[in-house]
Amino acid sequence: MLKGVVLTGFMGAGKTSVGRALAKRLGLPWFDTDACIEKVAGKTITEIFAQEGEPAFREMEHRCLLELAPKMPAVVSTGGGIVMRPENWPALRALGPLVYLRAKPDTLYGRVRRHRHRPLLQTNDPRAAFDRLFAMRRPFYEQADLVLDTDELRPEEAAARLARMLENQPSDIE
Ligand code: S3P
């Protein structure tokens, strides 16, 4: 059986919705680093960014990630920026195969443009901020163990494909 599985990818990739659907399909618990951060901080991500700044958010994200190891096997959805901190990589990889939920920038932007809960896009030119971040992060996402293109997939379809891909992954626990 799998040790766990971690979903990564840019904002709008479907990490939360696919993660939830995959956990249900595999009969595993589901954890979400953003939800963990909000619970620990007792405030929303928007409030954390506004009141404490991004470095404080990244520190909380790192700590939430470290707390996940004893909770495996599980499906873990992460925030889109988690791949940018080098210390997060060993912790991510320790949880199980890392999956990049990939989609074209236009698809992603179409999914997130109307949302207000992503502080990094609350600028005068959100599309420029989006493109800059996407270009910076893409090489990091590409280092994942598995890649699934989600442009045309609903969350349940993506979860079904992923479940099949994961059947061929090496087992870590019996
Ligand atoms: C962030 C993505 C968000 C959240 C925070 C920062 C990022 O999560 O962690 O707003 O840096 O890309 P989603 O990827 O689930 O939107």
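This one's a predicted model, so the numbers in the text were calculated from it and none came from an experiment.

### A closer look at the overall build of the chain
Helix and strand counts for the chain stand at eight helices and five strands. Written out in order from the N terminus, the α and β elements of the chain read β-α-β-α-α-α-β-α-β-α-α-β-α. Here the C-alpha atoms of the chain give a radius of gyration of 15 Å, agreeing with the 16 Å that 2.2 N^0.38 yields for 174 residues. Taken along its principal axes, the extent of the C-alpha atoms in the chain is 50 × 35 × 25 Å. Scored against the burial criterion, the 174 residues of the chain give a buried share of 47%.

### A short note on the side chain of aspartate 32
Checked against the element boundaries, aspartate 32 lands in strand 2 (residues 30–32). The buried charged residue aspartate 32 lacks any salt bridge, with arginine 20 as its nearest oppositely charged partner at 6.8 Å. Among the polar contacts made by the side chain of aspartate 32, one reaches the side chain of threonine 16 at a distance of 3.3 Å. A polar atom in the side chain of aspartate 32 sits 3.0 Å from the backbone nitrogen of aspartate 34. Ignoring any residue separated from it by four or fewer positions in sequence, one finds aspartate 32 in contact with Thr16 and Ser77.

### Thoughts on the pairing of strand 1 (residues 5–8)
Burial along strand 1 is two-sided: the residues Val5 and Leu7 and Val6 and Thr8 are all buried. One ladder, built from three bridges, connects strand 1 with strand 3 (residues 75–77); its direction is parallel. Looking at the pairing, leucine 7 lines up with serine 77 of strand 3. Of the pairings in the sheet, the one linking strand 1 to strand 4 (residues 98–102) comprises three bridges and is parallel in character. In the strand pairing of strand 4, valine 6 is matched with leucine 98.

### Here we look at unusual backbone geometry
That bond from methionine 72 to proline 73 is cis: its omega, 0°, falls within 30 degrees of zero. Note on placement: proline 73 falls in the loop between helix 4 (54–66) and strand 3.

### Topic: the site of the ligand
Within the structure, the ligand sits among 13 residues, and Lys15, Asp34, Arg58, Arg118 and Arg137 are positioned closest to it. Interatomic distance of 2.8 Å between a backbone N/O atom of glycine 80 and an oxygen atom of the ligand. Within the side chain of arginine 118, one N or O atom sits 2.5 Å away from an oxygen atom of the ligand. Burial of the ligand by the surrounding chains reaches 96%, relative to a free accessible area of 380 Å². Broken down by class, the residue content of the shell around the ligand amounts to five nonpolar, three polar and five charged.

### Notes on the nonpolar core
Among the nonpolar cores identified, the biggest contains 45 residues, and Phe10, Leu22, Leu101 and Leu162 are the most heavily contacted of them. The greatest single-element share of this core, amounting to five residues, is contributed by helix 8 (residues 155–167). Leaving out residues up to four positions away in the same chain, leucine 162 has contacts with Leu7, Val18, Leu22, Val99, Leu101 and Leu148. Of all hydrophobic cores here, the second largest spans seven residues; its members include Ile37, Ile45, Ile48 and Phe57.

Rules behind the numbers
- Residues numbered from 1 in each chain as written.
- Predicted model: local features only at pLDDT ≥ 70, side-chain atom pairs only at ≥ 80, totals over all residues.
- Heavy atoms only, no water.
- Helix = DSSP H or I, 4+ residues; strand = E, 2+ residues; numbered from the N terminus.
- Rg over C-alpha atoms; globule rule 2.2 N^0.38 Å.
- Buried < 20%, exposed > 50% of the residue type's maximum accessible area, 1.4 Å probe, protein only.
- Lys, Arg positive; Asp, Glu negative; His and termini not counted.
- Salt bridge = Lys/Arg side-chain N within 4 Å of Asp/Glu carboxyl O.
- Polar contact = N/O pair within 3.5 Å; in protein donor to acceptor, adjacent residues only side chain to side chain.
- Contact = heavy atoms within 4.5 Å.
- Pairing = 2+ DSSP bridges.
- Near = heavy atom within 4 Å.
- Areas by Shrake-Rupley, 256 points an atom, 1.4 Å probe, with all protein chains shown as cover.
- Nonpolar A, V, L, I, M, F, W, Y, C, P; charged D, E, K, R; others polar.
- Core = buried A, V, L, I, M, F, W, Y, C linked by side-chain atoms within 4.5 Å.

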